[in-house]
Amino acid sequence: MSSLLNAKILRMENGESEIEFPFKEELTRRGGVLNGGIMATAIDLAGGLAVSTVNDGLDQVTQEMKINFLEPMFNGPFKCKARVVRKGRTAVVVLIELTDRDGKVGAISLGTWYIIRDRKITSKQ
């Protein structure tokens, strides 16, 4: 997904991450603004990267995400900043914010990632 977004990791350490991705026409919906699914994808990517910096298990998966879409986003590049707000043994809660070039907040999210301790997730069975 990061290649679809053409996302760059700007920072990834100590329970935090920041990614940036450019405005691309193919990421928009009618009206020339970012599609909500694209915004959710970027939020999920940034949140997962933040979790990976504190994950002491074998793997992780997104357990749930709540997103509030606040403003239409069309003024790229866009940034997603994620910060772990609580790390438990099996669940990590992350706050994520998506902003445009001018710092206008387009979406905020609170997500939970499940820490997998007993198996690595793979498509190979």
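Located above this text is the structure these notes cover.
From a predicted model like this one, the values you see are computed outputs, not experimental measurements.

1. A closer look at the overall build of the protein
Thinking step 1. In terms of regular secondary structure, the protein is built from two helices and six strands.
Thinking step 2. Along the protein, helices and strands appear, N-terminal first, in the series α-β-β-α-β-β-β-β.
Thinking step 3. Taking 14 Å as the expected radius of gyration for a compact globule of 125 residues, we find that the protein reaches 15 Å, a close match to that expectation.
Thinking step 4. Its C-alpha atoms put the protein at 45 × 35 × 25 Å along the principal axes.
Thinking step 5. Split into buried and exposed, the 125 residues of the protein put 39% on the buried side.
Thinking step 6. Sequence-distant contacts in the protein: of pairs separated by 6 or more residues, those separated by 24 or more amount to 63%.
Thinking step 7. Accessible surface computed for the protein: about 7100 Å², of which carbon and sulfur atoms make up 50%.
Thinking step 8. Computing the positive centroid from 18 side-chain charges and the negative centroid from 15, the protein places the two 3 Å apart.

2. A word on the sheet that holds strand E3 (residues 59–69)
Thinking step 1. The antiparallel open sheet is built from six strands, whose spatial order is E1-E2-E4-E5-E6-E3. Two strands close off the open sheet at either side, each with one partner strand: strand E1 (8–13) and E3. Neighbour-to-neighbour, the strand axes of the sheet open up by a mean angle of 20°, direction not taken into account.
Thinking step 2. Running over the sheet, helix H2 (residues 36–52) touches E1, strand E2 (16–21), E3, strand E4 (78–87), strand E5 (91–99) and strand E6 (105–116) and is turned about 135° from E3.

3. Some thoughts on the nonpolar core
Thinking step 1. If you look at the biggest cluster of nonpolar residues, it comprises 27 residues, and the most contacted ones within it are Phe 21, Leu 34, Ile 43, Cys 80, Val 94, Ile 96 and Leu 98.
Thinking step 2. When contributions to this core are tallied by element, the ones reaching two or more residues are E2, H2, E4, E5 and E6.
Thinking step 3. The element that contributes the greatest number of residues to this core is H2, accounting for nine residues.

Calculation criteria
- Residues numbered from 1 in each chain as written.
- Predicted model: local features only at pLDDT ≥ 70, side-chain atom pairs only at ≥ 80, totals over all residues.
- Heavy atoms only, no water.
- Helix = DSSP H or I, 4+ residues; strand = E, 2+ residues; numbered from the N terminus.
- Rg over C-alpha atoms; globule rule 2.2 N^0.38 Å.
- Buried < 20%, exposed > 50% of the residue type's maximum accessible area, 1.4 Å probe, protein only.
- Contact = heavy atoms within 4.5 Å.
- Areas by Shrake-Rupley, 256 points an atom, 1.4 Å probe, with all protein chains shown as cover.
- Lys, Arg positive; Asp, Glu negative; His and termini not counted.
- Charge placed at Lys NZ, Arg CZ, Asp CG, Glu CD.
- Pairing = 2+ DSSP bridges.
- Axes fitted to C-alpha atoms, helices over the stretch in contact; angles between N-to-C directions.
- Core = buried A, V, L, I, M, F, W, Y, C linked by side-chain atoms within 4.5 Å.

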